[in-house]
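Close look at the chain arrangement
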Amino acid sequence: MTAQPSQASIEAMSRAVYEQCLQAPSDYLFSVSELQDLVPGKNNLELTQKVLNELLRTRSLSALTRGSQTVFRAVPKDFAEKVKNMTADEEMLYGYIQESAREGIWTKQLKMKSNMHSTAVNKALKGLERKKYIKSIKSVNHPARNIYMLYELTPSIEVTGGPWFTDSELDKEFVNELLTAITKFMISKSFPKLPTRGAIGSFPPGYTGYPTLNQVYLWVKSSNLTEVDLAEADIRSLLDVLVYDGKIERVVGGTAYRAVRRPDSVNGFTESPCGRCPVFNLCKEGGPVSASNCVYFEDWLNA
């Protein structure tokens, strides 16, 4: 009579099979026969079933249905460790939240996907938050919605609105301070100093020493103007505002910028708040900023 393997032996074999499964691409689906080939004594169907059950119990493998066949996928180690501490409801919601990546997912969508009662969804979400597996975030486009994403991820700019928003509110003072500082910097780099006090000179035609986008970005980064980690694209949007406002212009084939003493003409669009708005692309009815609730536009009309 063949001796039955101990539970310790089953667990050891399961770990060995799991390590082999991790060598495959993350989206690879194993058939039962493929897993059987990885089990020592693979001709023993009873042993294979015990190893497979152990892998499923420890959530090292997840089972999926493809047509009439059941297949299995190796669960990444970090996720496998996490799900050991999750309830079945928490694991289901975590999977949907993980799929949403940096965009996050609305609680209403979680209820629809999981087909769970609101009470069960809320309980599972609170459990995941308490374990610091997920976090609740605010979307500038949907400020009233409860949106969840993985704890370790950073929301996309489409969700946060970028550095110009604080707690889903446009930080007008922050934007204006940066615009003022950059304008002064551009003036200092656009006109040479003359011996006569108060006199402003001009660089000769063909001068190519005007600041580029990268140089403005590096200046902002090194000037301690803000603790917010601004990207080069954020500085470009501020420079675009100043161009629309007629305070600076693109030169050297569009690769650099210089300050403008006085605009020769007034453009209705660039003089309006819309032409100078750093969040123009987010402006829409029902969004965080819209023509119907824009404080800039109201102040401009009353000016």
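Preceding block: the structure.
The paragraphs below set out a description of the structure included in this document. Computed from a prediction, not measured in an experiment: that's the story for all the values here.

About the cut-offs
- Residues numbered from 1 in each chain as written.
- Predicted model: local features only at pLDDT ≥ 70, side-chain atom pairs only at ≥ 80, totals over all residues.
- Heavy atoms only, no water.
- Axes fitted to C-alpha atoms, helices over the stretch in contact; angles between N-to-C directions.
- Helix = DSSP H or I, 4+ residues; strand = E, 2+ residues; numbered from the N terminus.
- Parallel < 35°, antiparallel > 145°, perpendicular 65-115°, else oblique.
- Contact = heavy atoms within 4.5 Å.
- Nonpolar A, V, L, I, M, F, W, Y, C, P; charged D, E, K, R; others polar.
- Phe/Tyr/Trp six-rings, centres within 6.5 Å; stacked < 30°, edge-to-face > 60°.
- Buried < 20%, exposed > 50% of the residue type's maximum accessible area, 1.4 Å probe, protein only.
- Pairing = 2+ DSSP bridges.

**Let's talk about the packing of helix H9 (residues 172-190) against helix H11 (residues 232-244)**
In contact at an axis separation of 10 Å, H9 and H11 are set at 75° when each is read in the N-to-C sense. It follows from the interaxial angle that H9 and H11 lie roughly perpendicular. Two secondary-structure elements touch here, H9 through Val 175, Leu 178, Leu 179, Ile 182 and Thr 183 and H11 through Leu 238, Leu 239, Val 241 and Leu 242. Among the residues forming the contact of H9 with H11, the class breakdown is 8 nonpolar, 1 polar and no charged.

**Regarding the packing of aromatic side chains**
In this description, a pair of aromatic rings is defined by centroid distance and the angle of the planes. Tallied over the full model, the rule gives 6 aromatic pairs. Summarising the aromatic geometry, the rings of Phe 203 and Tyr 207 are spaced 4.0 Å apart at their centres and angled 5° between planes, so their arrangement reads as stacked. Of the residues examined, Tyr 207 reaches a relative accessible area of 29% and is grouped as partly exposed. The interplanar angle of 85° and the centroid separation of 5.9 Å between the aromatic rings of Phe 203 and Tyr 210 together place this pair among those described as edge-to-face.

**Points about the sheet that holds strand E5 (residues 147-150)**
Across the sheet, 3 strands lie side by side as E3-E5-E4; this open sheet has antiparallel pairing. Of all strands in the sheet, those with a lone pairing partner are strand E3 (105-106) and strand E4 (134-137), marking the two edges. Across the face of the sheet, helix H5 (residues 88-99) comes into contact with E3, E4 and E5 while running at roughly 85° to E5.

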